[in-house]
Amino acid sequence: MAHFAKVAELSARHPKADGASFEYGTAGFRTLGDTLESTVFRVGLLAALRSQSKQGKTIGVMITASHNPECDNGVKLVDPMGEMLQQSWEAHCTRIANAASADELVAALAAVVEAEGIDVSVQARVVYARDTRPSGPLLQAALEDGLAALGAEATSYGVVTTPQLHYFVRCLNTAGTPAAYGEPTEAGYRAKYTGAFLRLVDGRPLPAPLHIDAANGVGGPEVRKLAAAAASPYLRIELHNDDTQTPGRLNKDCGADYVKSNQRAPAGLDLEPGARYCSFDGDADRIVYYYVDEHRSFHLLDGDKISTLVATYLRDLVAAAGIEDLQVGVVQTAYANGSSTSYIKDTLRLPTVFAKTGVKHLHHEAEKMPIGVYFEANGHGTVLFNSAAVDKLRHAAPQSPAQEDAIRRLWALRDLINESVGDAMSDMLLVEAILICKGWTPAQWDAAYTDLPSRLLKVVVHDRTQFKTTNAEQTLTAPPRLQDAIDTLVAKFPRGRAFVRPSGTEDAVRVYAEAATRADCDQLAYSVAGTVFDKAGGRGDRPAEFI
Ligand code: 16G
Ligand code: MG
C-alpha cells in the first residue's frame, strides 16, 4: 500500500530485536526501557491508524512505566474521550509490535486497515507526552518517527503526568461541543481544577499544610505548579521526594505503590502526629493518604478509603440538593478490603459492583451508573457522571438556599474531577476539598470503618497463562481443583477471604488474603500461596511460611 511507503525506511532505524516479544496488557506495553524502541515506533503507527479509524479525532500516546523501576518504560494509547484504548485494538497492538520484519510489519498494518475499514486518506492527529524516565527522550524520538511515517499531525506536550495527557486528549476532541472539557493546555488544566477546588472550599476554615511524596517523578514539578496556580492558603503543600534529576531515585522506596504495598511511610518522610500525608506514583495517576496517630502508629487511607469518603460526600450532597433518583454507586475490585465493601453496602446503603483489575474494567462498570465512583485499593480511580445525571443536575429546581448550595457544590465537584481517568492531582484536590468542607482530620476520615488485616503475595509459576478466573477474578476456573483447595483453607478463618489471579503486568500469580486478625490473615495468605506453588507448578523458592 502506498500509504505505508515510508514505514519500511523509518522502521529500519528502530529494528526489533530478534526473538523479543511484546504484549499490550493492562497498562499498555511495559518492559525494560532499552528494549522498547521498536515497539514505541510502532505505537506511533498504531496511533495514526487509530486516529484515522476515528475520523481524525486526536489520539494520545503516553510514554511511562508508572510505579515500575526507573529502568523500565512503557507506552499506552489514549482514546478520544481520554479513556483507555478500546480493548479490541489491544490485539492489533500486540500483533504489530511483534512483526518480525519490515515486510511483516507493513502486512500487519494493512491487515488492521482492512479489519477496521480505515480510510487512510483521513488526516491523523496524535498528541503525546512522557514521564521523567531517562529512556524517555529516545523513545519519544522513535514515536515521532512512527507518526511521521504515516504523516500524522503530531504535537508533543513534553513531560507531563499521565492524567494530564488524558485530559488534553478529551479537551481537544470536545472543543466547541456541548461536552467541551476545558483548555487543552497545562495552564488550562490547572485553572480548571484549582478553580473548582477554590469554589468548594471558599469560606471554610483553613487546613494545615499537606505533605506530598511525589515519588521523585513528574508529579513533583506538576503539583508545585498546581499549587502556584491556586495561589491560595487552602492549598499549602510541603513537597517531598521531588528529585527528578538524580538517576535512580524515581519510585525508589517511595511513592503510592511502595506505601500501599509495604503499609509504611516512604523514605525521606518523618511522619508527625496530626499531619496529613499523601503519595503519588511515578506518573501521578495514583494517590494514597496516610497519617500517624499519637502513638506514631501508621494508618493508610488507600483507594477504598478515598472511594468511601467521596461516595459518602456525593450521596449526602445529592440528598441535600433534593434531587430524586440520582443514584451514587461504587465500583471496586476484589482487592477492596472486605470492611470497605460491607461499609458501602450496609452503612452507606449504596450499590456496589466488582470489576476486574485494571482501570479500563472499573471505568466501564462506572459508566453504567448515574454517578459512578470507582477506585482500586491501590489508589487509582475517579468519578463519572453519566449524561442522565448531568441532565438531572441541569434541570434541578432548588426549593431552598440549601438546595441551591448543594447543587452548586455538585457542579463544582464535577469540575474538580478528572473524568477521563484517575488523576492523583485531581483526586488530591477532591479529598482536600471534602476534608476542608467537613473540617476533618485524617483520623476522623479513617474512623468510618476499620480495615481487615490483608496480605498480598506473589508466586512465580512455570506458566501463569494456565490460571483462568471468573467472578471478577475472585474464583479460579483453572487449574482444575485449585479453587476447591483454596475454599477449604479460607473456610478455616473467621472473616477469611482469599483469591488468586495471574498478574497482567508481571510474570507471576498474585495471592490476596484477608482475615479477622493479622496472624490469621498471614497464615491464610501463606497457605494459599503454598498450595498454588505445590499444585500449579511453582518455580524458585516456595513462599516462605509465616514465622
Ligand atoms: C496496571 C493497571 C492498574 C492495576 C495493575 C494491576 C491501569 C492504567 N493500570 O498498573 O490499574 O491495578 O495494573 O497489576 O489500568 P497486576 O495485574 O500486575 O496485578
Ligand atoms: Mg501510574
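Each remark here, short or long, concerns the structure printed above.
These figures come from a predicted structure and were not determined experimentally.

Trainee: Sorry, what's going on with the overall build of the chain here?
Mentor: The secondary structure content of the chain amounts to 18 helices and 19 strands. Taking 2.2 N^0.38 as the reference for a compact globule, 547 residues should give roughly 24 Å; the C-alpha atoms of the chain span a radius of gyration of 23 Å, in line with that estimate. By the burial criterion, 58% of the 547 residues in the chain qualify as buried. Partitioning the contacts of the chain with sequence separation of at least 6, the portion at a separation of at least 24 is 70%. Put simply, the chain shows about 21,300 Å² of open surface, and 50% of that area lies on carbon and sulfur atoms.

Trainee: Please explain the sheet that holds strand S18 (residues 497–502) as it appears in this structure.
Mentor: For sheets, the rule is that strands pair by backbone hydrogen bonds, running either parallel or antiparallel. Across the sheet, which stays open at both edges, the three strands sit in the order S15-S19-S18 with antiparallel pairing between neighbours. Two strands in the sheet have a free side with no partner beyond their single neighbour: strand S15 (454–459) and S18. If you compare each strand with its neighbour and ignore which way they point, the axes differ by 15 degrees on average. Pairing analysis gives six bridges linking S15 to strand S19 (residues 509–514), with the strands arranged antiparallel. What sits directly across from Val459, in S19, is Val509.

Trainee: How should the side chain of Gln52 be read in this particular structure?
Mentor: Counting through the fold element by element, Gln52 comes out in helix H2 (residues 37–53). The residues contacting Gln52, other than those within four sequence positions of it, are His3, Ile118, Asp119, Val120, Val122 and Ala124.

Trainee: In this structure, what is going on with the site of ligand 1? I would like to understand it.
Mentor: Looking at ligand 1, there are 16 residues lining it, with Glu376, Ser503, Gly504, Thr505 and Arg510 nearest. A distance of 3.0 Å separates an oxygen atom of ligand 1 from a polar atom in the backbone of Val359. Here an oxygen atom of ligand 1 sits 2.6 Å away from a polar atom, N or O, in the side chain of Arg510. About the coverage of ligand 1: the protein hides 93% of its 450 Å² of free accessible area. Partitioning the shell around ligand 1 into residue classes produces three nonpolar, eight polar and five charged.

About the criteria used
- Residues numbered from 1 in each chain as written.
- Chains lettered and ligands numbered in written order.
- Predicted model: local features only at pLDDT ≥ 70, side-chain atom pairs only at ≥ 80, totals over all residues.
- Heavy atoms only, no water.
- Helix = DSSP H or I, 4+ residues; strand = E, 2+ residues; numbered from the N terminus.
- Rg over C-alpha atoms; globule rule 2.2 N^0.38 Å.
- Buried < 20%, exposed > 50% of the residue type's maximum accessible area, 1.4 Å probe, protein only.
- Contact = heavy atoms within 4.5 Å.
- Areas by Shrake-Rupley, 256 points an atom, 1.4 Å probe, with all protein chains shown as cover.
- Pairing = 2+ DSSP bridges.
- Axes fitted to C-alpha atoms, helices over the stretch in contact; angles between N-to-C directions.
- Near = heavy atom within 4 Å.
- Polar contact = N/O pair within 3.5 Å; in protein donor to acceptor, adjacent residues only side chain to side chain.
- Nonpolar A, V, L, I, M, F, W, Y, C, P; charged D, E, K, R; others polar.

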